[in-house]
Amino acid sequence: AYLMPLAILGILVGSAVAMFERNIKRMLAFSSVAQIGYMMLGASLVTATGLTAATLHMFNHALAKGGLFLAIAAVAIVAAGCRISDIAGLARRMPWTFAALVVAGLSLIGVPGTAGFISKWYLINAALELETGGIALVALILASSLMAVVYVWRIVEAAYFGEPTEQQAAAAPRALIVVLWAVAIANIGFGIAPQLPLSLSAAAADILLGHLR
């Protein structure tokens, strides 16, 4: 009974703090608190759909956040720091890095066509299966996704529309960019064809429910 309130608190507080955080690494860390809240919310429903959504979101969040942190790792090699102000105009110098960051950010938000959308969709369906409170949980999921739009947009806005600052001469390793794009493509691939992680998550949910019966 206590798991759902903690999940809701984690989603709201993690998203709210991320919206106002200026350090990008800490912003993504607080975002992870919110994403773990989604997983807890699905698990707290103790249904096949809810547990499937929770397990699937573990995988999809790893793809989205992994892409974001790989992009920031590349940025840290070039920029003087990891604050919003440090990446102003940097997308002009690192177009491939920030294009992949945008893809991972869209997956984190849960935009259709990305992996993040699939698990959030299942979480919404799980919430709607409830007899009471389902609509409120759907509203929470949608509201927190809009909050994710805000803090992801802060990064995109600074990188693409900010005035460039003095930057170091270093460049991100090509191997890092290749791995980053492999993850970005996986975010799209598993958003279009989610059958494998979805079937594995459903099987895991059945096992978990079997132990609870």
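Look up a bit, the structure's there.
Residues numbered from 1 in each chain as written. Predicted model: local features only at pLDDT ≥ 70, side-chain atom pairs only at ≥ 80, totals over all residues. Heavy atoms only, no water.

### Focus on a nonpolar patch on the surface
- A grouping of Tyr-2, Leu-6, Leu-9, Leu-12, Val-13, Val-17, Phe-30 and Val-33 is seen on the molecular surface, where their side chains present a nonpolar patch of about 710 Å² in accessible area.
- Mapped onto the nonpolar patch, the elements with two or more residues apiece are helix H1 (3–20) and helix H2 (24–44).
- The residue Val-13 is located in helix H1 in this model. (Patch = residues over 30% accessible without salt bridge, like charges linked within 9 Å, V, L, I, M, F, W, Y side chains within 5 Å. Areas by Shrake-Rupley, 256 points an atom, 1.4 Å probe, with all protein chains shown as cover. Salt bridge = Lys/Arg side-chain N within 4 Å of Asp/Glu carboxyl O. Helix = DSSP H or I, 4+ residues; strand = E, 2+ residues; numbered from the N terminus.)

### Focus: the packing of aromatic side chains
- With the rule as written, the count across this model stands at five aromatic pairs.
- On the basis of an interplanar angle of 85 degrees and a centroid distance of 5.1 Å, the ring pair of Phe-59 and Phe-190 is categorised as edge-to-face. Linking Phe-59 in helix H3 (residues 48–78) with Phe-190 in helix H7 (residues 174–192), this pair joins segments that are 131 residues apart in sequence.
- Given a relative accessible area of 33%, Phe-59 falls into the partly exposed group.
- Since its relative accessible area comes to 22%, Phe-190 is described here as partly exposed.
- Relative to Tyr-160, the ring of Phe-98 lies with its centre 6.4 Å away and its plane at 80 degrees, an arrangement referred to as edge-to-face. Taken together, the positions of Phe-98 in helix H4 (residues 95–109) and Tyr-160 in helix H6 (residues 134–161) put the pair 62 residues apart, joining distant regions of the chain. (Phe/Tyr/Trp six-rings, centres within 6.5 Å; stacked < 30°, edge-to-face > 60°. Buried < 20%, exposed > 50% of the residue type's maximum accessible area, 1.4 Å probe, protein only.)

### Quick word on the packing of H1 against H2
- For the pair H1 and H2, the least separation of the axes is 7 Å and the interaxial angle reads 160 degrees. Looking at the two axes, H1 sits roughly antiparallel to H2. By crossing handedness, the relation of H1 to H2 is classed as left-handed. Between H1 and H2, the residues in contact are Leu-3, Met-4, Leu-6, Ala-7, Gly-10, Ile-11, Gly-14, Ser-15, Val-17 and Ala-18 and Met-27, Phe-30, Ser-31, Val-33, Ala-34, Gly-37, Tyr-38, Met-40, Leu-41, Ala-43 and Ser-44, respectively.
- Classifying every residue of the contact of H1 with H2 gives 15 nonpolar, six polar and no charged. (Axes fitted to C-alpha atoms, helices over the stretch in contact; angles between N-to-C directions. Parallel < 35°, antiparallel > 145°, perpendicular 65-115°, else oblique. Left-handed = near helix turned anticlockwise from the far one by under 90°. Contact = heavy atoms within 4.5 Å. Nonpolar A, V, L, I, M, F, W, Y, C, P; charged D, E, K, R; others polar.)

### Section: H1
- Its 18 residues place the ends of H1 26 Å apart at the C-alpha level, agreeing with the 26 Å of an ideal helix rising 1.5 Å per residue.
- For H1, the full list of buried residues reads Ala-7, Gly-10, Ile-11, Gly-14, Ser-15, Ala-18 and Met-19. Take H1 and look down its axis: the buried residues cluster within an arc of 145 degrees, on one side only. Of the residues in H1, the exposed ones pointing more than 90 degrees away from the buried face are Leu-9 and Phe-20.
- If you follow the buried residues of H1, they end up packed against H2 and H6. (Expected span 1.5 Å × (residues − 1). Arc of directions from axis to C-beta.)

### Quick notes on the environment of Ala-203
- By the secondary structure assignment, Ala-203 is in helix H8 (residues 195–212).
- Between the C-alpha atoms of Ala-203 and Thr-52, which are 151 residues apart in sequence, the distance is 8.1 Å.

### Here's the deal with H7
- Relative to the 27 Å expected for 19 residues at 1.5 Å per residue, H7 spans 27 Å between its end C-alpha atoms, a close match to the ideal helical length.
- Along H7, the residues classified as buried are Leu-176, Ile-177, Leu-180, Val-183, Ala-184, Ala-186, Asn-187 and Gly-191.
- Structurally, H7 contributes buried residues whose contacts are with H3, H4 and helix H5 (115–128).

### Things to note about the environment of Leu-142
- In this fold, Leu-142 is placed in helix H6.
- The class for Leu-142 is partly exposed, based on a relative accessible area of 47%.
- In the structure, Leu-142 is positioned 55 residues away from Pro-197 in sequence and 23 Å away in space, judged by C-alpha atoms.

### As for the side chain of Lys-65
- Note that Lys-65 resides in helix H3.
- Here Lys-65 is buried and forms no salt bridge, its nearest opposite-charge partner Glu-21 lying at an N-O distance of 13 Å.
- With residues near it in sequence (within four places) discarded, Lys-65 still touches Leu-28, Ser-31, Ser-32, Gln-35 and Leu-108. (Lys, Arg positive; Asp, Glu negative; His and termini not counted.)

### Notes on the pattern of salt bridges
- Counting across every chain of the model gives one salt bridge.
- Measuring nitrogen to oxygen at the nearest pair gives 3.4 Å for the salt bridge that ties Arg-26 to Glu-21.

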